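Structural features, examined
So you can see what is in the structure, the chains are spelled out below.
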Amino acid sequence: MKRRTEVTAPIRLTLSDLLLLGLTRLRTKPLRAALSALGISIGIATVVVVTGIPASSQQAVLDELANLGPDLLRAAAVPDQSQDAPAGLPTASIGMASRIGPVQEASGVANVHAGVRRTDKVDAGGNGITVLAAQPNLLPLLGAKIHAGTFLTTANERFPTVVLGAKAATWLGITGLPPGQPKPRILLNDTWFTVVGILARSPLAPDVEQSVLIGWDAAKTSLAFDGRPSVVYVRATDTSLEDVRAVLGRTLNPEQPGLVQVSRPSEALAAQRITQNAFSTLFLGLAGVALLVGGIGVANTMVISVLERRREIGLRRALGANRGQIRGQFLTESVVLCTIGGLLGAVLGVLGVIGYARSQDWPVVIPVNALLAGIGASIAVGVLAGVYPAVRASLLTPTEALAAD
């Protein structure tokens, strides 16, 4: 009588079964799993930080630029080397700039070359503070803001009143104008001026930020100002900005256009962005190295795991697990390990960006593409790091695995 042999097909493992198998080893060896995932976490956190912090910084700069406007031109007088006289533009230059068709608004400042003192008990010396005659429309044209008090107006520009730039106020020791208290006074040459306002920080107008601003008429009356502006600011329509820039020098100083230097404050921002992008590329390279080191650590952990678990592999093979199931088990462990590390790194990176952006008073910007790419990279590292250990484990025969010491 012939014996009938029945061949039992191996049980197919579902995705949930593979995940349970992958998590089992991580639960039994938590310290090893944590150390292995740490390298991946550092790499992903670095990716998020080096993309999120520049993005937040860029957004802060763009917000400032939106206030100042990319449509602003700055025309400064250049000293004439053939004459021993302060640089200056013609007295009618601001009005001439206003008559250029696309120009929406024009204003100017003039260096009146006056000394600044906090008290008459000290000698007037070089303290880095410039005294500028300014017009009332300068503040809205620059997009600057008042920190305390008020700006120059048509009502007070004729009187001995001044507005301090943010840096100038700090250097003079005047940090605020408390209501109900007498306003501080400073000496310009030998004339007392009352401080009626303090400007907020304006990084895109550094000459104003470290200056004392006085009214145009007050400068003529008290400081012998000749009415010649040293810098003219022009705001024009975006589409015609380059055309205005091309003719602005000849318009402000028709006789000597070469003595006018026209610049665009936003160009400094472009150079700054190039520098930041270079550093971002460098840090992204470092993040890639961190990911590589993390992946090698995971691969090393998985290889050691195969060596340690030969008996387990042999037992599972003897009970009917095929090579594909063994490969799937170890590959799943590697992917789960790297995914956990990637998610933890993403959280740490987001927290790092939030903390740094808040400390700098920047808007928080988290690039979603970088976040998803980082997590995807961690999964890819898990697959690559788990392929060799998984294949090695699947090649063990039950007798080889169970015979291992």
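Everything discussed here concerns the structure shown above.
Heads up: these notes are all about the structure in this document. Think of each chain on its own: its residues are numbered from 1, step by step along the sequence as written. Local features are withheld for residues below a pLDDT of 70 in this predicted model, meaning they are given only at 70 or higher, and side-chain atom pairs are given and counted only at 80 or more; totals for whole chains, interfaces and linings count all residues. Values reported for side chains reflect all heavy atoms of the structure, with hydrogen atoms and water molecules removed beforehand.

What about the packing of helix α11 (residues 323–359) against helix α12 (residues 368–394)?
Two elements in contact, α11 and α12, have axes whose closest approach is 7 Å; the angle formed by their N-to-C orientations is 155°. Comparing their axes, α12 and α11 come out roughly antiparallel. Considering the relative orientation of α11 and α12, their crossing is right-handed. Throughout, the ten residues Ala, Val, Leu, Ile, Met, Phe, Trp, Tyr, Cys and Pro are labelled nonpolar, Asp, Glu, Lys and Arg are labelled charged, and all others, Gly among them, are labelled polar. Its residues placed into classes, the contact of α11 with α12 shows 18 nonpolar, seven polar and two charged. Inter-axis angles, ranging from 0 to 180 degrees, are taken between N-to-C directions of lines fitted to C-alpha atoms, where helices are fitted over the stretch in contact. Helix and strand definitions here come from DSSP, where helices need a minimum of 4 consecutive H or I residues and strands a minimum of 2 consecutive E residues; each element is numbered from the N-terminal end. If an angle is under 35 degrees, it is roughly parallel; if it is over 145, roughly antiparallel; if it lies from 65 to 115, roughly perpendicular; otherwise it is oblique. Take the far helix as your reference; a near helix turned counterclockwise from it by less than a right angle gives a left-handed crossing, and one turned clockwise gives a right-handed crossing.

Here we look at a nonpolar patch on the surface
Exposure above 30% relative accessible area and no salt bridge define the residues that can form patches, which grow by joining like charges within 9 Å and nonpolar side chains of Val, Leu, Ile, Met, Phe, Trp and Tyr within 5 Å. All accessible-area figures derive from a Shrake-Rupley calculation using a 1.4 Å probe, and residue coverage is judged against the displayed protein chains alone. What counts as a salt bridge is simple: a side-chain nitrogen of Lys or Arg found within 4 Å of a carboxyl oxygen of Asp or Glu. On the surface, I379, V383, V387, V391 and L395 cluster together into a nonpolar patch covering about 350 Å² of accessible area. Relative to the helices and strands, V387 is located in helix α12.

Some remarks on the packing of aromatic side chains
Any two of the Phe, Tyr and Trp rings considered here, Trp counted by its six-membered ring, make a pair once their centres fall within 6.5 Å; the pair's planes then place it as stacked at under 30 degrees, edge-to-face at over 60, or tilted in between. Tallying each qualifying case throughout the model produces two aromatic pairs. Ring centres 5.0 Å apart and planes at 80° place the aromatic pair W216 and F225 in the edge-to-face group. Ring geometry for Y356 against W362: centres 5.7 Å apart, planes inclined by 70°, an arrangement best described as edge-to-face. Residue classification places Y356 among the partly exposed residues on the basis of a relative accessible area of 37%. Buried means the residue's accessible area, taken with a 1.4 Å probe over protein chains only, is under 20% of the maximum for its type, while exposed means over 50%, and partly exposed covers the values in between.

Remarks on the pattern of salt bridges
Counted by the stated rule, this structure contains three salt bridges. Of the charged contacts, one joins R74 and D207 as a salt bridge, the two residues approaching to 3.1 Å between their closest N and O atoms. Here D207 lies in helix α6 (residues 206–209) and R74 lies in strand β1 (residues 72–77), a separation of 133 residues in the sequence.

Overview of the pairing of strand β6 (residues 161–164)
Side chains T161 and V163 project from β6 onto one buried face, and the interleaved V162 and L164 project onto a second face that is buried too. One requirement defines pairing of two strands: DSSP has to find at least two bridges between them. Pairing analysis gives four bridges linking β6 to strand β8 (residues 191–199), with the strands arranged parallel. When the sheet's bridge partners are listed, V162 is paired in β8 with V195. Two strands pair when backbone bridges link them, and β6 and strand β9 (residues 211–215) are joined in this way by three bridges, in the antiparallel orientation. Residue L164 lies in a different strand from β9, and its bridge partner there is V212.

A look at helix α8 (residues 241–252)
The terminal C-alpha atoms of α8, which comprises 12 residues, lie 16 Å apart, in line with the 16 Å expected from a rise of 1.5 Å per residue. Within α8 the residues assigned to the buried category are L241, V244, L248, G249 and L252. Buried residues of α8, viewed axially, fall in a sector of 130°; they line one side. Turned more than 90 degrees away from the buried face of α8, the exposed residues are D243 and R250. Residues of α8 that are buried in the fold lie against β1, α3 (93–98), β2 (103–111), β10 (231–236) and β11 (260–263). Given the number of residues in a helix, its expected span is that number minus one, multiplied by 1.5 Å. The directions from the helix axis to the C-beta atoms are what the arc is built from. The criterion used for residue contact is that any of the two residues' heavy atoms lie within 4.5 Å.

What about the side chain of E209?
Within the secondary structure layout, E209 lies in helix α6. Polar contact is defined as a pair of N or O atoms within 3.5 Å, subject to the rule that within protein one atom must be able to donate a hydrogen and the other to accept it, and that residues adjacent in sequence are counted only when both atoms are side-chain atoms. A polar contact of 2.5 Å, which involves the side chain of E209, links it to the side chain of R201.

Quick notes on the packing of helix α10 (residues 310–318) against α11
Remark: α10 packs on α11, axes separated minimally by 10 Å, with the N-to-C direction vectors making an angle of 140°. In terms of orientation, α10 lies oblique with respect to α11. Of the two elements, α10 crosses α11, and the hand of that crossing is right-handed. Residues E312, I313, R316 and R317 of α10 lie in contact with α11, whose contacting residues are R323, Q325, I326, Q329 and F330. Its residues assigned to classes, the contact of α10 with α11 shows three nonpolar, two polar and four charged.

Overview of the nonpolar core
Put simply, a nonpolar core is a bunch of buried Ala, Val, Leu, Ile, Met, Phe, Trp, Tyr and Cys residues held in one set by side-chain atoms that sit within 4.5 Å of each other. The biggest cluster of nonpolar side chains holds 44 residues, and the ones touching the most others in it are I186, L188 and V212. For this core, the element with the most residues is α8, which contributes four residues. For V212, the contacting residues outside a window of four places in its chain are V116, I129, T130, V131, L132, V162, V163, L164, L172, I186 and L188.

Some thoughts on α10
Turning to α10, its buried residues are I313, G314, R316 and R317. Burial along α10 is one-sided: seen end-on, the buried residues are contained in an arc of 165°. G320 sits one or two residues past α10 and shows a positive phi near 115°.

Side note on the environment of N189
Tracing the backbone through its elements, the reader meets N189 in the loop between β7 (185–188) and β8. The spatial distance from the C-alpha of N189 to the C-alpha of G115 is 5.0 Å, given a sequence separation of 74 residues. Ignoring any residue separated from it by four or fewer positions in sequence, one finds N189 in contact with A114, G115, R117 and L223.

Let's talk about the pairing of β1
The buried fraction of β1 is high, at five of six residues. With five bridges joining them, β1 and β10 adopt antiparallel strand pairing. Residue L72 lies in a different strand from β10, and its bridge partner there is R235. Where β1 lies against β11, four bridges are found, and the strand directions are antiparallel. Each bridged residue has a counterpart across the sheet, and for R74 the counterpart in β11 is S263.

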